[in-house]
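Overview (structure and organization)
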Amino acid sequence: MKVEEVGFGVFIGGATHVGVIPDMVVAAERLGYDSFWVSDHLFLPSVFYEAVGMDPKKGECPVLEAWTTLSAAAAVTKKVMLGVGVTPLPLRDPAILAKQVATIDYISGGRVIFGAGAGWNRREFEAYGIRWDSHPVRIAKMLEGLEVIKRLWTQPLASFQGRYYKLREAPLWPKPIQKPHPPIWFGGASQSIMEATAQYGDGWVPYCPTAGEFKEKFSKLENMIEKAGRYVQEIVPACVLLAHMASDLNVARAAIESIIKLRGSRTLKSERWEEAEETIIYGGVDDCISKIEEYLKIGVRHILLEMIIPGEASNCIKLFGERVLPYFKQQRR
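Residue indices follow the written sequence of each chain, beginning from 1 at its first position. The predicted origin of the model limits local features to residues at a pLDDT of at least 70 and limits the giving and counting of side-chain atom pairs to 80 or more, whereas totals for whole chains, interfaces and linings rest on all residues. Hydrogens and waters are ignored; side-chain quantities use all the structure's heavy atoms.

**Here's the deal with the nonpolar core**
Here, nonpolar core means buried Ala, Val, Leu, Ile, Met, Phe, Trp, Tyr and Cys residues that are tied together by side-chain atoms lying within 4.5 Å of each other. Burial status follows relative accessibility: with a 1.4 Å probe on protein chains alone, a residue under 20% of its type maximum counts as buried, one over 50% as exposed, and anything between as partly exposed. Counting 82 residues, the largest nonpolar core has Tyr-33, Phe-36, Phe-114, Ile-303 and Phe-320 as the members making the most contacts within it. When residues in this core are grouped by element, the largest group, seven residues, is from helix α6 (residues 135–154). When residues no more than four places from it in sequence are discounted, the contact partners of Phe-114 are Trp-67, Leu-89, Leu-97, Val-101, Leu-146, Ile-149, Trp-153, Pro-183, Ile-184 and Trp-185. Core analysis: the next-biggest nonpolar cluster, separate from the first, contains ten residues, Ala-252, Ile-260, Ile-280 and Ile-309 among them. Segments assigned H or I by DSSP are reported as helices when at least four residues long, segments assigned E as strands when at least two residues long, and all are numbered from the N terminus. Two residues form a contact once any of their heavy atoms are found within 4.5 Å.

**Regarding the side chain of Thr-197**
Secondary-structure assignment places Thr-197 in helix α7 (residues 191–200). Owing to a relative accessible area of 0%, Thr-197 belongs among the buried residues under this scheme. Non-local contacts of Thr-197, meaning those with residues more than four positions away in its chain, are made with Phe-186, Gly-203, Trp-204, Leu-221, Arg-230 and Ile-235.

**Regarding the pattern of salt bridges**
When a carboxyl oxygen of Asp or Glu is within 4 Å of a side-chain nitrogen of Lys or Arg, the pair counts as a salt bridge. According to the stated counting rule, one finds ten salt bridges in the structure shown. Its salt-bridge partner being Lys-141, residue Asp-133 comes within 2.7 Å of it at the nearest N-O pair. As far as the burial class goes, Asp-133 and Lys-141 line up, both buried. The closest approach of N and O atoms between Lys-291 and Glu-294, which form a salt bridge, is 3.6 Å. Remark: Glu-294 and Lys-291 occur in helix α11 (residues 285–297); sequence separation between them is three residues, near one turn of the helix. Put simply, Asp-40, Glu-65 and Arg-92 are held in one network by salt bridges that share partners.

**A closer look at the packing of helix α3 (residues 66–75) against helix α4 (residues 94–107)**
Helix axes are fitted to C-alpha atoms over the stretch in contact, other axes to C-alpha atoms as well, and angles between N-to-C directions run from 0 to 180 degrees. Relative orientation of the contacting elements α3 and α4 amounts to 10°, with a least axis distance of 9 Å. Between α3 and α4, the crossing angle belongs to the class labelled roughly parallel. Residues Trp-67, Leu-70, Ser-71 and Ala-74 of α3 touch α4, and the partners they reach there are Leu-97, Val-101, Ile-104 and Ile-107. Gly is placed with the polar residues, together with every amino acid not listed as nonpolar (Ala, Val, Leu, Ile, Met, Phe, Trp, Tyr, Cys and Pro) or charged (Asp, Glu, Lys and Arg). The class makeup of the residues in the contact of α3 with α4 is seven nonpolar, one polar and no charged. Each angle receives one of four descriptions, namely roughly parallel if under 35 degrees, roughly antiparallel if over 145, roughly perpendicular if within 65 to 115, and oblique otherwise.

**Section: the pairing of strand β2 (residues 35–38)**
Of the two faces of β2, the one carrying Ser-35 and Trp-37 and the one carrying Phe-36 and Val-38 are both buried. Pairing between strand β1 (residues 7–12) and β2: four bridges, direction parallel. When the sheet's bridge partners are listed, Phe-11 is paired in β2 with Trp-37. Only strands that DSSP links by at least two bridges are regarded as paired with each other.

**Focus: the packing of aromatic side chains**
Each aromatic ring pair is described using two quantities: the centre-to-centre distance and the angle formed by the ring planes. Only rings of Phe, Tyr and Trp enter the pairing, Trp through its six-membered ring, and a pair is recorded when the two centres are within 6.5 Å. The plane angle decides the type: under 30 degrees is stacked, over 60 is edge-to-face, the rest tilted. Counted according to the given criterion, the structure contains ten aromatic pairs. On the basis of an interplanar angle of 35° and a centroid distance of 6.2 Å, the ring pair of Phe-43 and Tyr-128 is categorised as tilted. Residue Phe-43 is located in the loop between β2 and α2 (46–51), and its partner Tyr-128 is located in the loop between α5 (122–127) and α6; the two are separated by 85 residues in the primary sequence. Ring geometry for Phe-214 against Phe-218: centres 5.8 Å apart, planes inclined by 20°, an arrangement best described as stacked. Of this pair, Phe-214 and Phe-218 both sit in helix α8 (residues 211–227), separated by four residues, roughly a single helical turn. Aromatic ring contacts, followed pair by pair, group Phe-8, Tyr-327 and Phe-328 into a single cluster.

**Description of the pairing of strand β10 (residues 236–245)**
The element β10 is largely enclosed, with a buried count of nine among its ten residues. As paired strands, strand β9 (residues 203–204) and β10 are joined by two bridges and run parallel to one another. Paired with Gly-203 across the two strands is Val-236, which belongs to β10. Think of it like this: strands point away, you trace from the first strand over the helix to the second, and a clockwise trace means the crossover is right-handed. Regarding topology, α8 serves as the crossover connection from β9 to the parallel β10, and that connection is right-handed. Relative to strand β12 (residues 302–307), β10 is paired through six bridges, and the arrangement is parallel. Following the sheet pairing, Ala-243 is matched in β12 by Met-307.

None of this, on its own, says anything about what the molecule does.
Written out as structure tokens, the structure is:
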């Protein structure tokens, strides 16, 4: 199949060996990945750690702060785009976040993708004393926070009076390198997130949809984009997919069985195990290529590969980079 303008990224989730991330991003750039992403969580539900063989009761739940990690990634790379997938805006002060992102865009030479969301992990909010609101209120805070951020990124002195946030002649210098501002990719597949994507987004990056789910949702998103008076081509259709490569399908399947059961499904419900398996790119080289092509055929144009076994993440970055990416890069020509 002819593939045009397809991008591939490495996505490092919340349950991974934190000490090797600088090596991972350097390898990702060298191997020709287009982007490198980290998740933005203070911690995750225990089931996520248990699925990859860690014991939260023993303190085995390593999570690096996302934007600080991305600043380290910016310092050791020169070309690869850098993203956070995604920042729950109600969890952070938007003005401080605007400064953090602008700083990383500046020191990276304009390589940040700003991943935005409304948050889903209630325990994460409440454990740190941050108010957990209803979904509509979190969406409202996300949109209002985004307005604060965009004004700070683009105006000499930003003022804003909203229900949740306010600014008064606030300066932010240096501005981001990218103009008018870093691209904004929304994470999630709710109606509200898709509406926000249609209005304000430069990309849409749902987490682990099946190919059928993505096709159905993206068709709806296309209609929303057109109603918003924009062109569909303005928004990058992307998704995060779990990934693991081994010598063959059976070896890979055995390695990820616990993840299929405990982590693969977004709902973490056992009755969706089969669906969870559909959202994992795994097996040998041909198996992985075939699965990726399923998503490209229904319109995905940027795939974030989440290497899901911490101890094998670096090796899988290498295997996908050396044996799968070249196949698709050749198709671009």
